[in-house]
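# Structural features, examined
Listed below are the residues making up each chain.
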Amino acid sequence: MPSSIFASESANQFTYFDNNVTLGYNYSIIQNNAEFSMVGINATALLHDNIWLSAAAGAVLTFDLSNNNQGLSNLNQNHSGSSLNLKAGYAFIFDTLNVTPYLGFAYNNMLIAYNYDSTQEFILENPSYSILAGANIEYVVIEKKLKLGLDTGFSYAMYKSVLPNSNTSLGHVNYSQYLVNITPSIQYNINSLLTVMGYYGFSSKFAGNAAPQSVYYPNIDANSSNVINNDGIINSFGLRFGILF
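The structure displayed is predicted, hence computed values, not measured ones.

Right, let's talk about the overall build of the protein chain for a bit. Looking only at helices and strands, one finds two helices and 14 strands in the protein chain. A principal-axis box enclosing the C-alpha atoms of the protein chain has dimensions of 65 × 30 × 25 Å. Across the 245 residues in the protein chain, those meeting the buried criterion constitute 46%. Restricting the contact set of the protein chain to residue pairs at least 6 apart, pairs at least 24 apart contribute 63%. Carbon and sulfur atoms make up 60% of the accessible area of the protein chain, which totals about 12,100 Å².

Set out below in structure tokens:
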């Protein structure tokens, strides 16, 4: 198949990898807190003037609490969640090496109704707005076939949460957190139109200043404030399949 169908002819061989639309699955473990999975769509484009663009949107598929120390693992929950991520940068390309500093914006939200014994205990809604900065590093191992990647990023997140401020009412909690993320990845082009990617993500959130009202629920022997942590580690594993253009 002519390579012009695969990607427009270019001295920049990263255009054969970075112009794609993919569907993906992600599984994450929040240390001492919860496990969740997401499905989503991602799109990236590397233009011939070296402008790099990336967009991703996702929805929470599963969410399971795992915190025995705070009584939360005894709860069931109804949940919904979504995410949106936008990035833009400029690619500095050195033959088989590409370094792309970028800036971006992210929106994430989670709505959870915590239930015990078929009775609702309390509700958490936790939207956040983040400013992103980082660098995406790529290395072509096999021309047009195999590429390794390393995304290193830093974000500042502002939360507008809704949590109980008494056993009968909800209140707003505004707080912020910082997060560092390191994501190595591998991409293999199956043929001139199809690609597959796998990745591992390590994230560490820190310097959070959340101070929610602590409302005690005797049925579960836990406080509603336990659902928010000011620091922690997140490990993620993902797989994406897509179309090259």
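With that settled, the discussion passes to the pairing of strand β9 (residues 146-164). Alignment of strand β8 (residues 128-142) against β9, held across 14 bridges, turns out to be antiparallel. Considered in β9, the bridge of I142 is made with L146. The hairpin turn running from β8 into β9, its antiparallel successor, is three residues long, and K144 in that turn takes a positive phi close to 65°. Sheet topology places β9 next to strand β10 (residues 170-189); 19 bridges connect them, and they run antiparallel. Looking at β10, one finds that D151 is bridged to T183. Counted along the chain from β9 to the antiparallel partner β10, the turn is five residues long.

Summed over all chains, the structure comprises 10 aromatic pairs. Connected via pairs of aromatic rings, a cluster forms that spans F154, Y156, Y178 and F206.

For the rest of this paragraph, the subject is the side chain of Q187. Residue position: Q187 is located in strand β10. Side-chain polar atoms of Q187 contact the side chain of N189, separated by 3.4 Å. If sequence neighbours within four positions are ignored, Q187 has contacts with F17, N20, K145, L146, K147, T195, V196, M197 and L244.

It is possible for side chains bearing opposite charge to pair when their charged atoms get close. Evaluated as defined, the whole model comprises three salt bridges. The closest approach of N and O atoms between K87 and D151, which form a salt bridge, is 3.2 Å. In this pair, K87 is assigned in strand β4 (residues 76-90) and D151 in strand β9, connecting sequence segments 64 residues apart. D151 carries the same exposure label as K87, and that label is buried. For K147, the salt bridge goes to E138, with nearest N and O atoms at 2.6 Å.

Taken over all residues, the pLDDT of the protein chain has a mean of 91, while the share at 70 or more is 94%. Counting contacts from residues 1-8, a segment whose pLDDT is below 50, to residues more than four positions away or on other chains yields 20 contacts.

Residue position: N76 is located in strand β4. C-alpha separation for the pair N76 and A106, spaced 30 residues apart in sequence, amounts to 28 Å. Beyond its immediate stretch of four places on either side in the chain, N76 contacts A113, Y114 and N115.

In this fold, R240 is placed in strand β14 (residues 232-244). Here R240 is buried and forms no salt bridge, its nearest opposite-charge partner D151 lying at an N-O distance of 8.3 Å. In terms of polar contacts, R240 uses its side chain to reach the side chain of T22, at 3.1 Å. In contact with R240, not counting residues within four places along its chain, are N20, T22, L23, G24, N42, T195, V196, M197 and Y199.

For N33, the position within the fold is in the loop between β1 (20-30) and β2 (34-46). Separated by 138 residues in the primary sequence, N33 and G171 have C-alpha atoms spaced 22 Å apart. Excluding residues within four positions of it along the chain, N33 makes contact with L65, S66, N67, V227 and N229.

Counting residues in hydrophobic clusters, the biggest one holds 27 residues, and the most contacted among them are F63, L65, Y114 and V227. Secondary structure elements with two or more residues in this core: β2, β3 (51-65), β6 (97-116), β7 (119-125), β9 and β10. Residues within four places of F63 in sequence aside, it is in contact with A34, E35, F36, Q77, H79, M110 and I112. Within the second largest apolar cluster, eight residues are counted, among which are L46, W52, A91 and V140.

What counts and what doesn't
- Position numbers for residues count from 1 along each chain, tracking the sequence in the order it is written.
- For a predicted model such as this one, the threshold for reporting local features is a pLDDT of at least 70, and the threshold for listing and counting side-chain atom pairs is 80 or more; totals across whole chains, interfaces and linings nevertheless cover every residue.
- For the side-chain quantities, the full set of heavy atoms in the structure was used; hydrogens and water were omitted.
- Only DSSP runs of H or I covering at least 4 residues are called helices, and only runs of E covering at least 2 are called strands; the numbering of each starts at the N terminus.
- Using a 1.4 Å probe on the protein chains alone, a residue whose accessible area is under 20% of its type maximum counts as buried, one over 50% counts as exposed, and one in between counts as partly exposed.
- We call two residues contacting when some pair of their heavy atoms lies within 4.5 Å.
- Here, Shrake-Rupley sampling with a 1.4 Å probe gives the accessible areas, and only protein chains in the shown set may cover a residue.
- Pairing between strands is defined by DSSP: at least two bridges between the two strands are required.
- For Phe, Tyr and Trp, rings pair up if their centres lie within 6.5 Å, where Trp contributes its six-membered ring, and each pair is then called stacked (planes under 30 degrees apart), edge-to-face (over 60) or tilted (otherwise).
- Polar contacts, as used here, are pairs of N or O atoms within 3.5 Å; protein pairs need one atom able to donate a hydrogen and one able to accept it. Residues neighboring in sequence count only if both atoms are side-chain atoms.
- Only one rule defines a salt bridge in this text: a Lys or Arg side-chain nitrogen within 4 Å of an Asp or Glu carboxyl oxygen.
- Known as pLDDT, the predictor's confidence for each residue is given on a scale from 0 to 100.
- Think of it this way: Lys and Arg go in the positive column, Asp and Glu in the negative one, and His and the chain ends go nowhere.
- Nonpolar cores were defined as sets of buried Ala, Val, Leu, Ile, Met, Phe, Trp, Tyr and Cys residues, with membership established by side-chain atoms within 4.5 Å.

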